[in-house]
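# A look at the structure
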Amino acid sequence: METDALRSAIHDDQPRVLDELSRLVEIPSVGYPGYEPDNVRASAELTTAILREAGVRDARLLELDGGHPAVVGHVPGREGAPTVLLYAHHDVQPAADADAWATPPFEPTVRDGRLHGRGSADDKSGIVIHAAALRALGGSTGCTIKILVEGEEECTTEHLPQLVQGHAELHRADVAVIGDGGNHRTGVPTLGTSVRGATNVVVRVDVLPSAKHSGSFGGPLPDAALALARIIATLHDEDGSVTLPGLHSFTWEGTQLSEEEFREGSGVFPEIGLLGSGTIADRTLSQPAVNVLAFEAPRVDEAANQIVPTARAVIGLRVAPGDDPERAGRILADHLVAVAPWGVRVTAEPGPSGAGYLVDPAAPAARAAKSAMEAAFGREALEMGSGGSVPLVPMLAETFPGIDVLIWGASDERSNTHSVNESVDL
């Protein structure tokens, strides 16, 4: 198909793309425990309908034992042509702080050329991009196309081996297009070249079987929240570098990001100092990072004059591509127990993990993708790493040795993925 015909088809299809994305965003498909699982199933069913209407006639739900359904399908190509796997995910992050949104998170709203709503960028945009691409090509893809839209990317990796390795023939391909990436800036085409690995540890501190009056016992007795705070404080040194021994890191040689760009993109308050050493790219792409994802103790509005007997936290750990996230999780858990002050009781349990991945930008598929992006956007395409994680990517590489992986997507520096007022540029 000629480029001009593709441009025209995509332009004419835009209202449908917006409608499909809006309908998907309306479904609060949060897969974490405690949320309504029927919503995840509803988003899988709508995804199936969208793909069928785009020409994936056998699009269907793939059930996972104890998990949320994925969506799979395929479009046959020419005999001997390569097979391309198109990936996205239909589950989303929670929007527990709904009052902080400018508009309700599951009421898609167009404002200033952007569609706002949870999942608009991450990653229901990936679903409608794949469907729109298939419609634009009118069925003449040449390649065999396979589809995988995951339903648990945000909430767990527990069923990932069952999904990928347990249904290997459904997903076997020469190239995987991971529609869960993003762009350096709005309108700047960007090919992702890496993702970091990720894991977390749930740490619990116990000092008393029950709370005690702080007037009668405060002073000699440590409280659990204070002890946990001291434990967490040992995870960084004075300049904010991660102190855990034995974690992999390297110097990032690819596209760099200035501190000014990083500050602008994050929205951090101007007086806040940045942690760690090395370039911004080193710190966000090729070094480990530790963050406190949750801290559980009495709520401020429930405070009483008592010594807190128990406190918990979830410590998130991002690891550089090439590091073993399970080993890293054990290092983190062992450290949290070893540094416990005052003899407090500490348990630390590593959670699910996913490895990182480095894309080969010299692979034929990557070179073709970059050339196509430059033709489409009329400007040079960047190759840039991502500090985030897509657990499916390293599992694809492990299951199908030699597969080429391409990572791109519709999000940009204003998308606020995983945060309030998530949006995608239309």
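Shown above is the structure to which this text applies.
This write-up is about the structure you can find in this document. Per chain, residue numbering runs from 1 following the sequence as it is written. At least 70 in pLDDT is required for a residue's local features to be given in this predicted model, at least 80 for side-chain atom pairs to be given and counted, and no such filter applies to totals for whole chains, interfaces and linings, which use all residues. The basis for the side-chain values is all heavy atoms of the structure; hydrogens and waters are excluded.

## With respect to the pattern of salt bridges
We define a salt bridge as a side-chain nitrogen of Lys or Arg found within 4 Å of a carboxyl oxygen belonging to Asp or Glu. Taken as a whole and judged by the stated rule, the model has 19 salt bridges. Ionic pairing is found between Arg41 and Glu63, a salt bridge with its closest N-O pair at 2.8 Å. Taken together, the residues span a long stretch of sequence, with Arg41 in helix α2 (residues 37–53) and Glu63 in the loop between β1 (60–62) and β2 (70–75) at a distance of 22 residues. Burial status follows relative accessibility: with a 1.4 Å probe on protein chains alone, a residue under 20% of its type maximum counts as buried, one over 50% as exposed, and anything between as partly exposed. Residue classification places Arg41 among the partly exposed positions, given a relative accessible area of 30%. A salt bridge links Arg263 to Glu259; the nearest nitrogen and oxygen atoms lie 3.0 Å apart. With Arg263 and Glu259 both in helix α8 (residues 259–266) and four residues apart, this pair spans about one turn of that helix. By relative accessible area, which is 40% here, Glu259 ends up partly exposed. By sharing partners, the salt bridges in this structure join Asp13, Arg16, Glu20, Glu53 and Arg135 into a single network. The helix count covers DSSP runs of H or I at least four residues long, the strand count covers runs of E at least two residues long, and both are numbered beginning at the N terminus.

## As for unusual backbone geometry
Cis geometry is adopted by the peptide bond preceding Asp123, which originates at Asp122 and carries an omega value of 5 degrees. You can see Asp123 is positioned in the loop between β5 (114–116) and α3 (124–137). A positive phi angle, close to 55 degrees, is found at Asp112, a residue other than glycine. On the secondary structure map, Asp112 appears in the loop between β4 (109–111) and β5. Within the chain, Trp342 stands out as a residue other than glycine whose phi angle is a positive 60 degrees. Summarising the element assignment, Trp342 is placed in the loop between α10 (325–338) and β15 (345–350).

## Let's talk about the packing of aromatic side chains
By convention, a stacked pair of Phe, Tyr or Trp rings (six-membered ring in the case of Trp) has centres within 6.5 Å and planes under 30 degrees apart, an edge-to-face pair has planes over 60 apart, and any other such pair is tilted. Inspection of every chain in the model, using the stated rule, returns one aromatic pair. Measuring from centroid to centroid gives 6.4 Å for Phe250 and Trp252, while their planes differ by 35 degrees, and the two rings are tilted. Residue Trp252 is classed as buried on the basis of its relative accessible area, which comes to 8%.

## Considerations on the sheet that holds β4
At least two bridges found by DSSP between two strands are what make those strands a pair. Overall, antiparallel pairing links the three strands, which are arranged β4-β5-β19 in an open sheet. Only two strands of the sheet have a single partner each, and these edge strands are β4 and β19 (423–425). Taken over all neighbouring pairs, the strand axes of this sheet differ in orientation by 25 degrees on average, direction set aside. Bridge analysis of β5 against β19 gives three bridges, and the strand direction is antiparallel. Bridge pairing in β19 links Leu115 to Val424. Structural elements are reduced to axes, namely lines fitted to C-alpha atoms, with helices fitted over the stretch in contact, and the angle between N-to-C directions of any two is expressed from 0 to 180 degrees.

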